[in-house]
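Chain and residue survey
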Amino acid sequence: AITFLVFAFAQPFIPGSQSDVRHGNKVVSVYIDNSFSMEAKGTNGPLLDVARDRAKEIAGQYRQGDLFQLVTNDFEGYQQRLVSREEFMDMVDEIKPSAATRNLSEVYSRQMDVLNSEKDLSKRIIWISDFQKNTSDFANINSDEKIKGIALKAQKKNNLSIDTCWFETPVRQLNAQEKLIVRIRNYSENEINGRELQLSINGRPKAIGNFSVGPDTYVDSVLYFTNTVPGIQNSVLSIPDEEVTNDNTWYFSYNVESEMRVLAIYPDGQKDTASSYINRLFRNDPFFKLKSVSVSGIDYSQLTSNGLVVLCGVTSIASGMTSELLKYVKGGGNVLFFPAVKADLNTYNELLRPANGLTFTGVDTSAQRSAPMELGIPFYSNVFEKDPANMDLPLVRHHYTTINNSLSRIEVLLSLKNGDIFLGKTQYERGNFYVSTVPLDEKAGNFSRHAIFVPVVLRIAEWSQNSLVRAQQIGMDEPIDVRNREISSETTYELKKEGSELSVVPEIRNSEG
């Protein structure tokens, strides 16, 4: 159990009874929270300044021979040793605000690593913090030690902050209008009106908007702009807020591809019939770079250079091909699977079961139309200029029946009148697997020549781009996902701050795929 004594920050610190101070040497571990929230002002000035003063007052109450440990959110190596009272005070003076945040359970563990090494000394644990809710995980601390806390309280501010941002759609394209939604939170008790929101990309102003937000709530503000150059877009959102400045900017990046590679795989000896539908679809769009190869001509070492791999009526899938495709999707690739009219279902299922949980069980040759599309799902957002309520739907004469063997959720993009899956999507680790139960062959129906074939397959290709918005907080141990890159034991990455000599070499973990 934790005995937690909370003192008002303006009051003096009293380290237990006078007898505690006078008799026997002691070791005192003091945690000073130096996260950005401690830059807020209290009645006696910035909270971090007050924390430094309180820490030195604490040390002054102890004897010359007592030992001290200083812990901050930086978790520096030198903080894992005991020092004299004078050295402790010098270290306290050097504390600077930090982007790092730590849960109190992590702080406690850090302190006990040192305190447990001192078996014969009386121990004291002291925390000085504003005790933010997101880091105060008291329930995760199991201790019989008394922890004395000094809670520092900031004055109420008319503070605005940018919480996060996201695009309306996952696709970033050159010369296409973007819709960026920005969430702005008002922490004050007052309504704030007519403030400006600015977006700059690659160091240049890109968009400006205005917003108003009610007390103690948030508003989602929208910015419109166009991407005019390809590549990584280093972006900064900013709002004016003079009282608390550390949360006025939001840094993020995203990628705009200049082209996208698509690989179409067809059965040996059947190039003209099997992949002609896919060739016709992509050949008139300069953004897509299509390459068609037979099963025997696949260069698996180059598989990850493609954003989308389309299987065009391959009749049988060898175990080696299955292994390579699953590895590709696991690493962030995308596969669109069209079956053959005559196929080896056993080999199909070796690929389908782990990728999306489906098993092809047989063939249904009854003629039927597809069901109306669910245009409200994100996949179809902005695909059609108007609601095609009376659209003629594809006719299907041959499709594979399926069962779902796993708990994975399959997003149905197209279905048949009888409720069977026509086209489905499943996320498989970091990639996506799209499966059609209807072959491209015209014997199976008219889907490959139907009006919806082009927009549906193009949307799959568009969604296969790596256009994620990246915005991660330093010190939170959040992984940066580098998809489909060959990483050896000698590979290194370096994070650099633009316009600065500051750089960091992160730890690299290579997962399967």
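What comes next is a walk through the structure. (Residues numbered from 1 in each chain as written. Predicted model: local features only at pLDDT ≥ 70, side-chain atom pairs only at ≥ 80, totals over all residues. Heavy atoms only, no water.)

Attention now goes to the pattern of salt bridges. This model, assessed by the stated rule, comprises 13 salt bridges. Across the salt bridge formed by Arg-52 and Asp-49, the nearest N and O atoms sit 2.4 Å from each other. Within this pair, Arg-52 and its partner Asp-49 are both found in helix 2 (residues 47-60), separated by three residues, close to a single helical turn. Given the relative accessible area of 14%, Arg-52 is considered buried. Overall, Asp-49 belongs to the partly exposed group, its relative accessible area being 35%. With a shortest N-O distance of 3.9 Å, Arg-85 and Glu-86 are connected by a salt bridge. The class for Arg-85 is buried, based on a relative accessible area of 16%. (Salt bridge = Lys/Arg side-chain N within 4 Å of Asp/Glu carboxyl O. Helix = DSSP H or I, 4+ residues; strand = E, 2+ residues; numbered from the N terminus. Buried < 20%, exposed > 50% of the residue type's maximum accessible area, 1.4 Å probe, protein only.)

Spatial ordering of the open sheet is given by 11-10-13-14, a layout of four strands whose pairing is antiparallel. At either margin of the open sheet sits one strand with a lone partner, and together these are strand 11 (204-213) and strand 14 (249-256). With direction set aside, neighbouring strand axes in the sheet form an average angle of 20 degrees. Across eight bridges, strand 13 (residues 231-238) lies against strand 14 in antiparallel orientation. When the sheet's bridge partners are listed, Ser-238 is paired in strand 14 with Thr-249. (Pairing = 2+ DSSP bridges. Axes fitted to C-alpha atoms, helices over the stretch in contact; angles between N-to-C directions.)

This brings us to helix 2. Taking 1.5 Å of rise per residue, 14 residues should cover 20 Å, and helix 2 covers 20 Å from first to last C-alpha, within 8% of that figure. Regarding helix 2, the residues found buried are Leu-47, Leu-48, Val-50, Ala-51, Arg-52, Arg-54, Ala-55, Ile-58 and Ala-59. (Expected span 1.5 Å × (residues − 1).)

Attention now moves to the sheet that holds strand 9 (residues 177-186). Strands sit in the order 8-9-12 across an open sheet of three strands; the sheet is antiparallel. A single partner strand is all that each edge strand has here, and the edge strands are strand 8 (160-167) and strand 12 (217-226). Averaged over neighbouring strand pairs, the angle between their axes works out to 25 degrees when direction is ignored. Pairing analysis gives seven bridges linking strand 8 to strand 9, with the strands arranged antiparallel. Residue pairing in the sheet places Ile-162 in a bridge with Ile-184 of strand 9.

Below, the discussion takes up the nonpolar core. Counting residues in hydrophobic clusters, the biggest one holds 37 residues, and the most contacted among them are Ile-278, Phe-282, Leu-336, Phe-338 and Phe-453. Every element with two or more residues in this core is listed here: strand 15 (260-266), helix 6 (276-282), strand 17 (308-312), strand 18 (334-338), strand 23 (411-415), strand 24 (421-428) and helix 9 (453-462). Sorting elements by how many residues they give to this core places helix 9 first, with six residues. Non-local contacts of Phe-282, meaning those with residues more than four positions away in its chain, are made with Val-262, Phe-288, Leu-290, Val-457, Leu-458 and Ala-461. Counting 30 residues, the second largest nonpolar core, distinct from the first, contains Leu-303, Met-321, Ile-410 and Val-435. (Core = buried A, V, L, I, M, F, W, Y, C linked by side-chain atoms within 4.5 Å. Contact = heavy atoms within 4.5 Å.)

The final tally for this structure, using the stated rule, is 16 aromatic pairs. With a centroid separation of 4.9 Å and 85 degrees between ring planes, the pair formed by Phe-337 and Tyr-348 is classed as edge-to-face. Of this pair, Phe-337 sits in strand 18 while Tyr-348 is found in helix 8 (residues 345-356), placing the two residues eleven residues apart along the sequence. Look at Tyr-348 and you get buried, because its relative accessible area is 0%. Centre to centre, the rings of Tyr-348 and Phe-360 are 6.1 Å apart; their planes meet at 75 degrees, and the pair counts as edge-to-face. (Phe/Tyr/Trp six-rings, centres within 6.5 Å; stacked < 30°, edge-to-face > 60°.)

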